[in-house]
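# Structural overview for review
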Amino acid sequence: MRTFQLMHQRWIEEHLNQRKGERKRRLKDGHNHAEKEMLRSIWWPSFGHFLHLHPEYEMTDFMGNRRYLDLAYIRGPVKIAIEVDGYGAHVKDLSRRQFCDQWVRQMHLINSGWIVVRIGFDDIKERPQLWQQLFQQMIGRLFGDPERQLSEADCVEREVVKLALRSGQSIKLKEVRQLFHCGRHYARNLMRSLQNKQWFLPDEGGEQRVHSWKLNLDYKNFSL
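Quick caveat, the model's predicted, so the values are computed rather than measured. (Residues numbered from 1 in each chain as written. Predicted model: local features only at pLDDT ≥ 70, side-chain atom pairs only at ≥ 80, totals over all residues. Heavy atoms only, no water.)

To continue, consider the nonpolar core. Counting residues in each nonpolar core, the largest one holds 29 residues, and the members touching the most others are M38, L39, W43, F50, L53, I82 and F135. Elements supplying a minimum of two residues to this core: α1 (2–17), α3 (33–47), β2 (66–75), β3 (78–85), β4 (114–120), α6 (121–126) and α7 (128–143). Counting residues per element, this core draws most heavily on α3, which supplies seven residues. Contacts of F50, omitting those with residues within four sequence positions, involve F4, M7, H8, W11, L39, W43 and W44. (Core = buried A, V, L, I, M, F, W, Y, C linked by side-chain atoms within 4.5 Å. Buried < 20%, exposed > 50% of the residue type's maximum accessible area, 1.4 Å probe, protein only. Helix = DSSP H or I, 4+ residues; strand = E, 2+ residues; numbered from the N terminus. Contact = heavy atoms within 4.5 Å.)

This is the structure in structure tokens:
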């Protein structure tokens, strides 16, 4: 689980670096044991990465109030809200109105085009393999790719290559950041790694700082 710990920490730091004010405070305080345990026991064994996943994702409801989702998976037009629900204390601490408002909030998400997934914390501890299968089936049905079978590096590399093939030209650092919703440091390290593997060649920039890259079509057969 050391790999998970390191990648989870890096993922959280990337999102913290992109946030300010209340959004940053909410991530520091709101991403707690339940959400992390879900990622450790279910998400990481299923996919081996956190691509397209956002912790404590801010959205505005139909009343104009700011709400936060435990986790949001956003990939192209698909938006999946993932909520981790405890049993007992969570319900006991709610008033009747707050209890009912949960379902109003859920309907607002559905009406706004979100797929809503709610996971009981007991299932995270007792039936993680069931939920691994359910998530793999859902992602496979929505996107039709064997994402769960790819290592994190393979999956990331394939997405960058697909981006370059779609564009038909050199790709810039900001395009990589937009693709993965990641920070500058992560995106540059990724492209440096792909350049070291000779998958990509530097296209623009000086010797010390490359600004864009092109596929090295003479080196590898990119049949993805």
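What follows covers the sheet that holds β2. Strand order in the open sheet formed by four strands is β1-β2-β3-β4, with mixed pairing between adjacent strands. The open sheet has two edge strands, β1 (53–60) and β4, and neither has a second partner. Going from strand to strand, the sheet's axes swing by 40 degrees on average, the running direction of each strand aside. Bridge count between β2 and β3: five bridges; the pairing is antiparallel. (Pairing = 2+ DSSP bridges. Axes fitted to C-alpha atoms, helices over the stretch in contact; angles between N-to-C directions.)

Tallying each qualifying case throughout the model produces nine aromatic pairs. Ring centres of W44 and F50 lie 5.3 Å apart, and the angle between their planes is 40 degrees; this geometry places the pair in the tilted category. Here the two residues W44 and F50 agree in accessibility, since each one is buried. Ring geometry for W131 and F135: centres 6.1 Å apart, planes at 45 degrees, overall tilted. Of this pair, W131 and F135 both sit in helix α7, four residues apart, roughly one helical turn. Judged by its relative accessible area of 1%, F135 falls in the buried class. Connected via pairs of aromatic rings, a cluster forms that spans W43, F47, Y73, W131 and F135. (Phe/Tyr/Trp six-rings, centres within 6.5 Å; stacked < 30°, edge-to-face > 60°.)

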